Each structure stands twice: as structure tokens, then as C-alpha cells.
Amino acid sequence: MTDYKFEGWLGHSPDAAQGNMKWGEFQPKKWQETDVDIQITHCGVCGSDLHTLKSGWGETNYPCCVGHEIVGKAVRVGKEVKHVKVGDRVGVGAQALSCLQADCPDCSIGRENCCFRVRVDTYNSSYPDDIGMSYGGYADYNRTNGHFVFKIPDALPSEFAAPMLCGGITMYSPLRNNGCGPGKRVGIVGVGGLGHFGVLFAKALGAEKVVGISRKASKRDEVLALGADEYIATDDDEDWANKHARSLDLIVSTVSSAKMPLDGYINLLAPHSTLVQVGAPDKGELPPVNAFSLIIKSAKLAGSCIGPPDLINEMLQLAVDKNIKPWVEKRPLSEANQTVVDLADGKPRYRYVLVNEKHTS
């Protein structure tokens, strides 16, 4: 038994995304000795939260508590968890469980984020064997399998670590897995909450050139201040797709719009280069692609989904080693409703982090 309650901001219908979450109690998954209970101090606010609250990616299992960029203190640790102890500062990202079996073609080689047998997200997922639902970090406490609980390096502030656990790894993974480093010319499409991590990590990995790509010229100075070497405004720069044709070796696109100029982005690719799509529009719809735009230069169109635990730990250490400082704005957890409204309105520069006043005072 515990002396704390699992309470948080619950969405009960799609209008929750309009700032209509209600505070209430929820029942976490059944306790297992592989689990860790976390007293939450910080939780990043992710675009995924909005998509889920409004049932944009499919019907949400209401009531739903979103938030999958969780940092806090371990207050209960199962006997089978060896890398975490009570009192440690820990974090949880977007994944809460995979099958973790030795015969799994993905889990057995450290690719847990691709496991097809068991996929439990940190919120809005059912656990196997009817042991409960997953609930996220807009809350006082979280319960997650210890394999997906990470010790946060001492030198990394909680408000920086939290948004890295989904937003950060969503960008670090495709950069790292596609050879971002010296000699690579990298484009980041959509410099917002996700994309600003792309600029930071591409520079930290030593890319030869990093180009920020967003719609409006008004972001130019901010993106250059993040460390980008160049900036392209697709709404405001005339004939941008042709002027910068074949200038990039790798593009990571965070844009989640079915109206984005995808063929224009592909035109920026050099031969034998790759565009990785990480932004997920409602209903998963992308614009049509002209096959010849890929064929004539042997380019690849790919996807990427978060990253496995080993890569998350690597990313957190790189953030310490390179002194990476994401641009965050802290908001009280009590103002979660206004925060999701402001996120939908595109106001953050560049990532909101909810701070649980009860656990940080």
C-alpha cells in the first residue's frame, strides 16, 4: 500500500484539448515488482498531448491523463529494478512497455521502440493481461515499468531533461541513426518544440551545416540564435526550393500538416540523401509525393519513432557533455488547461514544461 494518491488532469472528451481537462483521481496499472512509482516534479508539454486529447490519431480511451516527458523522484521501486533506488531523480518518456523477451527480434537487440508484440505508450494504452491503463504526467504520480525509467544525470536540470524524453529523443534518434556528424549538411523542417531540439542536437553531433526550415521569416533570428547556420522561410523566401536545391544530405521533418510542401523539401536533398518524417498529422495523412523526385536522385523517404532506452541514456549524457540548453518556459501544473490552449495557438518558444508546485516547493 502507498500513502499517496494518483491524481491528475483528466481529459473526458475531445473538447479537453480546448482547455477543459478536469482534475481527478485515476487508478494506475496493477503494481508489479518491475515497476517504479514517481513523484512528479516536471512534465513537458508535447504536441502528442493535443492530438490524443482531441482523438486526432484515433479514438482516445477517456478519461485520459496525458504527458510523456516526466521527471520526478522515485518513491517506490520494485524488487526486480536494479538501476534505480528510492530517492533517485528519474524520468519517463513516451514508451512504458514492450515485450522485453529474449526471442523478440526487436527487444533482443535494443530496439524496444519498434517492438510489435507489446506496445504500451505512457498514456492512453491498455496493459496486457488486464492489469490496467497507462496514465501520463499531468499528474502527481506516475507508475511505469523500470526498464523505461531513466536516471537523470545530476548536471542536467529537470526542466531541460523532461522535454528531451520525447521531444529530444524524437529528433536525436533520426539524426544519430542517419549519420549526422562532421561532413553532413542537415535540414530541420519546422523549428518549434521538436525542431529546436533538432537544431541543438545536430550542432552537438558536429554537423557541417545546419539549416532551419520554417514557414515564416519572423523566426529567422531565433533559429540562428539556436545555432543554425542558415534559415529558409518557405512562405516568404522566393523560389526557395530551387535556390537551395540538392544542398542537404539529411532532412528531419517535424511538420504535422497534410498541406506541407513535401516535394519542395525533397528538392532540397542531394543525391543518395534521406528525408525522415517524424511529425504525425491527424489521421496520418501526408501530401502526395512525386515518385520521380525520389527516383532521379536515389533519395529516401523514411520515418522515425522516438528511440530505445539505450539511445535515450546516450542522448541525456550528450546533453550534459555538450551543455545543451533547450528553450523552455516553465508553467505551474495548476495552469495545465491554459498551457494546452497556448500550445495549440503556437505560442511556446519553444517548449512548455509543467512544474508540480506541490513537489517542488
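Sequence positions are assigned chain by chain, starting from 1 and proceeding in written order. At least 70 in pLDDT is required for a residue's local features to be given in this predicted model, at least 80 for side-chain atom pairs to be given and counted, and no such filter applies to totals for whole chains, interfaces and linings, which use all residues. Neither water nor hydrogens contribute to the side-chain values; these are computed over all heavy atoms in the structure.

Trainee: What exactly am I supposed to notice about the pattern of salt bridges here?
Mentor: Pairing between side chains becomes possible if they bear opposite charge and their charged atoms approach one another. A pair is scored as a salt bridge if a Lys or Arg side-chain nitrogen falls within 4 Å of a carboxyl oxygen belonging to Asp or Glu. Counted under the stated rule, the structure contains 20 salt bridges. Notably, a salt bridge pairs Asp 88 with Lys 85, separated by 3.0 Å at the nearest N-O pair. On the accessibility criterion, Asp 88 (9% relative accessible area) is buried. The salt bridge involving Arg 331 is made with Asp 342; its shortest N-O contact spans 2.8 Å. Relative accessible area decides the class of each residue, using a 1.4 Å probe on protein chains only: under 20% of the type maximum gives buried, over 50% gives exposed, and in between gives partly exposed.

Trainee: Mind showing me how you'd approach the UniProt feature "domain: Alcohol dehydrogenase-like N-terminal" (unreviewed entry) in the protein chain here?
Mentor: The UniProt record marks residues 33-154 with the feature "domain: Alcohol dehydrogenase-like N-terminal" (unreviewed entry), using the residue numbering of this structure. Put simply, DSSP marks the helices as runs of H or I at least four residues long and the strands as runs of E at least two long, and each gets a number from the N terminus on. Along residues 33-154 one finds 6% helix and 29% strand; the C-alpha atoms at either end are 26 Å apart. UniProt positions are given in the numbering used here, feature names are shortened, and annotations may be inferred rather than shown by experiment.

Trainee: What should I look at first to understand a nonpolar patch on the surface in this one?
Mentor: The patches described consist of residues with a relative accessible area above 30% and no salt bridge, like charges being joined within 9 Å and nonpolar side chains (Val, Leu, Ile, Met, Phe, Trp, Tyr) within 5 Å. With residues, only the protein chains shown are counted as cover, and all accessible areas are computed by Shrake-Rupley using a 1.4 Å probe. A cluster of nonpolar side chains, Phe 292, Ile 295 and Ile 296, forms an exposed patch at the surface whose accessible area comes to about 370 Å². Along the chain, the position of Ile 296 falls in the loop between helix H7 (291-295) and strand E15 (300-303).

Trainee: How should I be thinking about the sheet that holds strand E12 (residues 230-233) in this particular structure?
Mentor: Sheet strands pair by backbone hydrogen bonding; their relative direction is either parallel or antiparallel. With parallel pairing, the 6 strands of this open sheet are ordered in space as E12-E11-E10-E13-E14-E15. Because the sheet does not close on itself, it has two edges, and the strands there are E12 and E15. Here the average twist between neighbouring strands, direction ignored, is 20°. Pairing between strand E11 (residues 209-214) and E12: 4 bridges, direction parallel. When the sheet's bridge partners are listed, Val 211 is paired in E12 with Glu 230. Note on definitions: a residue-residue contact is assigned when non-hydrogen atoms from the two residues lie within 4.5 Å. Axis definition: a line fitted to C-alpha atoms, limited for helices to the stretch in contact. Angles are taken between N-to-C directions and run from 0 to 180 degrees. Most of the contacts of helix H2 (residues 158-177) go to strand E13 (residues 248-253), to which it runs at about 155°, and overall it touches strand E10 (185-189), E13 and strand E14 (269-277). Across the sheet, helix H3 (residues 195-204) touches E10 and E11, and the angle it forms with E10 is around 165°. Two strands are counted as paired when DSSP detects at least two bridges linking them.

Trainee: For this particular structure, what's the right way to read the side chain of Thr 274?
Mentor: Structurally, Thr 274 is set in strand E14. In contact with Thr 274, not counting residues within four places along its chain, are Asn 178, Asp 249, Leu 250, Ile 251, Leu 269, Lys 300 and Ala 302.

Trainee: When you look at the packing of aromatic side chains in this model, what are you seeing that I'm missing?
Mentor: By convention here, two paired aromatic rings are described through the distance between centres and the angle between planes. Under the pairing criterion, centres of Phe, Tyr and Trp rings, with the six-membered ring standing for Trp, must be within 6.5 Å; the plane angle then separates stacked pairs below 30 degrees from edge-to-face pairs above 60, leaving the rest tilted. Scanning the model with the defined rule gives 10 aromatic pairs in all. Between Phe 26 and Tyr 135 the ring centres are 4.6 Å apart and the planes differ by 20°, which places this aromatic pair in the stacked class. Linking Phe 26 in the loop between strand E2 (22-25) and strand E3 (35-44) with Tyr 135 in the loop between strand E7 (120-121) and strand E8 (141-145), this pair joins segments that are 109 residues apart in sequence. Taken as a pair, Phe 26 and Tyr 135 share a single burial class, namely buried. Judged by centre distance (5.3 Å) and plane angle (65°), the rings of Tyr 172 and Phe 201 are edge-to-face. Of the two residues, Tyr 172 is situated in helix H2 and Phe 201 in helix H3; the sequence distance between them amounts to 29 residues. Across the pair, exposure class does not vary: Tyr 172 and Phe 201 are buried alike. Taken together, the aromatic side chains of Tyr 4, Phe 6, Phe 26, Tyr 135 and Tyr 141 make up a single cluster linked through ring pairs.

Trainee: Sorry if this is basic, but what is going on with the domain arrangement of the protein chain here?
Mentor: A common way to report how large an interface is uses the accessible area buried once the components associate. When cut into domains, the protein chain gives domain 1 (7-166 + 307-355) and domain 2 (168-303). Computed from C-alpha coordinates alone, the two centres of domain 1 and domain 2 are separated by 26 Å. Between domain 1 and domain 2, the residue contacts involve 22 residues of the former and 27 residues of the latter. Buried area is calculated as the accessible area (1.4 Å probe) missing from two parts once they are joined, with the contributions of both summed. Between domain 1 and domain 2 the total buried area reaches about 2,100 Å² when both faces are included, carbon and sulfur atoms providing 64% of it. At the boundary of domain 1 and domain 2, one finds 2 salt bridges. We note a salt bridge from Glu 314 to Arg 176, for which the minimum N-O separation is 2.6 Å. Domain start and stop positions are those given by an automatic or database domain assignment.

Trainee: Is there a simple way to explain the packing of H2 against H3 in this structure?
Mentor: Think of two packed helices as two axes; the pair is described by the angle between the axes and how far apart they sit. Axis separation between H2 and H3 bottoms out at 9 Å; the angle between their running directions is 55°. One element, H2, and the other, H3, form an angle in the oblique class. Two packed elements cross with a definite hand, and for H2 against H3 that hand is right-handed. Contact residues: H2 offers Pro 163, Met 164, Gly 167, Gly 168, Met 171, Tyr 172 and Leu 175, while H3 offers Gly 195, Phe 197, Gly 198, Phe 201 and Ala 202. Note on residue categories: nonpolar means Ala, Val, Leu, Ile, Met, Phe, Trp, Tyr, Cys or Pro, charged means Asp, Glu, Lys or Arg, and polar means any other residue, Gly included. For the contact of H2 with H3, the residue count by class is 8 nonpolar, 4 polar and no charged. Our angle categories are set so that under 35 degrees counts as roughly parallel, over 145 as roughly antiparallel, 65 to 115 as roughly perpendicular, and the remainder as oblique. For a crossing to be left-handed, the near helix must be turned anticlockwise from the far one by less than a right angle; the clockwise case is right-handed.

Trainee: What should I look at first to understand the nonpolar core in this one?
Mentor: In this text, buried Ala, Val, Leu, Ile, Met, Phe, Trp, Tyr and Cys residues form a nonpolar core when linked through side-chain atoms within 4.5 Å. Counting 49 residues, the largest nonpolar core has Met 164, Leu 175, Phe 201 and Leu 316 as the members making the most contacts within it. Elements with a contribution of two residues or more to this core: H2, E10, H3, helix H4 (220-226), E12, E13 and helix H8 (309-321). Here the element with the most residues in this core is H2; it accounts for 10 residues. Once residues lying within four places of it in the same chain are set aside, the contact partners of Leu 175 are Cys 180, Val 186, Ile 188, Gly 198, Phe 201, Ala 202, Leu 205, Leu 250 and Val 252. Judged by nonpolar contacts, the second largest core, of 36 residues, contains Leu 53, Tyr 135, Leu 343 and Leu 354.

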